[in-house]
Structures are given as C-alpha cells and as structure tokens.
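Working through the structure, step by step
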Amino acid sequence: MSHFSTLRTKVTESEILTTSLRDLGIEVKTNADVRGYNGQQVRADIVAVLDGEYDLGWSRNADGSFDLIADLWGVAKKHNQTELINSINQKYAINKTLTDVKRPGLQNANVKLVVQQ
C-alpha cells in the first residue's frame, strides 16, 4: 500500500519552482525518485531532496500545472510540513511575480510587492 499523497497545486513554471527551492537552500533533482515510507519511491519531474528519508516531488499534469507528491506522514517526522510547503509556495509566488513584471510591456509599470508573514 502506497503512503504517497498527491495534492493539486497552482505551480505551472518548472524553472521558477526549481529556482525557488534552491533559494530556500533545498537540493533539487529533475526526473528523479521521491523517497517515501519503507523505501517506496515514485518518479517525479522535480524533486526537493529533504533532510531525512523523505522528499517532496512535483509532476506535471496534461494542463501544465504540477501536482505535489509526497509521503506527508514521513515528511512530518522531520519537518513542519505546513511551514515547509507554505514557504515553498510563498517563494514561488514571489519569484513568479518578479518574472512576470519583467515581461515585455511591463518594464515601465510601477509595481509594489508586499510580502507579509
């Protein structure tokens, strides 16, 4: 029986996700296995290699979005999974916004980005 959970996300940009994970000091692998309970593994497009025996992974859907795949029980043994996932989502949102404002046509726009914790 698999211990892996799959959660829908709003992540759509693999490069921004990878950059965001690295910004947080998390090792990233692509097209790698996500480690789970009792040596179980599942393949994912992007893998955040965490301290301990468990990882977080993201797999692209047909619509271009990514699902988060993880053994959340195992991740919670060593990490506060809510804080970890929230920090990844927040860093992704910041990096995506900064990337979007650099798009052609927005260079002269006034943008104020406020990050609250």
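Look up a bit, the structure's there.
Because the structure is a prediction, the values reported are computed rather than measured.

Turning our eyes to something else, we now look at the nonpolar core. One finds Leu 17, Leu 21, Leu 56, Trp 58 and Ile 88 to be the most contacted residues of the largest nonpolar core, which totals 21 residues. At 4 residues, helix α3 (residues 81-100) tops the list of elements feeding residues into this core. Setting aside residues no more than four positions away along its own chain, Leu 21 makes contact with Ile 26, Val 28, Ile 46, Ala 48, Trp 58 and Ile 88. Within the second largest apolar cluster, 7 residues are counted, among which are Ala 32, Val 34, Ala 44 and Val 47.

Since one α-helical turn is 3.6 residues long, residues separated by three or four positions face the same way. All of the buried residues in helix α1 (residues 14-23) are Ile 16, Leu 17, Thr 18, Ser 20 and Leu 21. Contacts from the buried residues of α1 go to β2 (27-35), β3 (41-49), β4 (56-60) and α3. With its phi angle positive at about 80°, Gly 25 sits one or two positions after the end of α1.

Mapped onto the elements, Asp 67 comes out in strand β5 (residues 66-70). Of the polar contacts made by the side chain of Asp 67, one reaches the side chain of Arg 8; its length is 3.4 Å. A polar side-chain atom of Asp 67 sits 3.0 Å from a polar atom in the side chain of Asn 61.

Most of β4 sits inside the fold, with 4 of its 5 residues counted as buried. As paired strands, β3 and β4 are joined by 3 bridges and run antiparallel to one another. Paired with Ile 46 across the two strands is Trp 58, which belongs to β4. In terms of strand pairing, β4 meets β5 through 5 bridges, oriented antiparallel. Looking at the pairing, Arg 60 lines up with Phe 66 of β5. The hairpin turn running from β4 into β5, its antiparallel successor, is 5 residues long, and Gly 64 in that turn takes a positive phi close to 95°.

What describes a pair of aromatic rings is the distance from one ring centre to the other and the angle between the planes of the rings. Enumeration over the complete set of coordinates arrives at 1 aromatic pair. Summarising the aromatic geometry, the rings of Tyr 37 and Trp 73 are spaced 6.2 Å apart at their centres and angled 75° between planes, so their arrangement reads as edge-to-face. With Tyr 37 in the loop between β2 and β3 and Trp 73 in helix α2 (residues 72-78), the pair connects residues that are 36 residues apart, well separated along the chain. On the basis of relative accessibility, which here comes to 52%, the residue Trp 73 falls in the exposed class.

Turning our attention to the packing of α1 against α3. Between α1 and α3, the least distance of the axes is 9 Å, while the angle of their chain directions is 125°. In terms of orientation, α1 lies oblique with respect to α3. Crossing of α1 against α3: the hand is right-handed. Two secondary-structure elements touch here, α1 through Ile 16, Leu 17, Thr 19, Ser 20, Leu 21 and Asp 23 and α3 through Ile 88, Lys 91, Tyr 92, Asn 95, Lys 96 and Thr 99. Looking at the contact of α1 with α3, its residues break down into 5 nonpolar, 4 polar and 3 charged.

Basis of the calculations
- Residues numbered from 1 in each chain as written.
- Predicted model: local features only at pLDDT ≥ 70, side-chain atom pairs only at ≥ 80, totals over all residues.
- Heavy atoms only, no water.
- Core = buried A, V, L, I, M, F, W, Y, C linked by side-chain atoms within 4.5 Å.
- Buried < 20%, exposed > 50% of the residue type's maximum accessible area, 1.4 Å probe, protein only.
- Helix = DSSP H or I, 4+ residues; strand = E, 2+ residues; numbered from the N terminus.
- Contact = heavy atoms within 4.5 Å.
- Polar contact = N/O pair within 3.5 Å; in protein donor to acceptor, adjacent residues only side chain to side chain.
- Pairing = 2+ DSSP bridges.
- Phe/Tyr/Trp six-rings, centres within 6.5 Å; stacked < 30°, edge-to-face > 60°.
- Axes fitted to C-alpha atoms, helices over the stretch in contact; angles between N-to-C directions.
- Parallel < 35°, antiparallel > 145°, perpendicular 65-115°, else oblique.
- Left-handed = near helix turned anticlockwise from the far one by under 90°.
- Nonpolar A, V, L, I, M, F, W, Y, C, P; charged D, E, K, R; others polar.

Distances and angles like these do not, on their own, reveal function.
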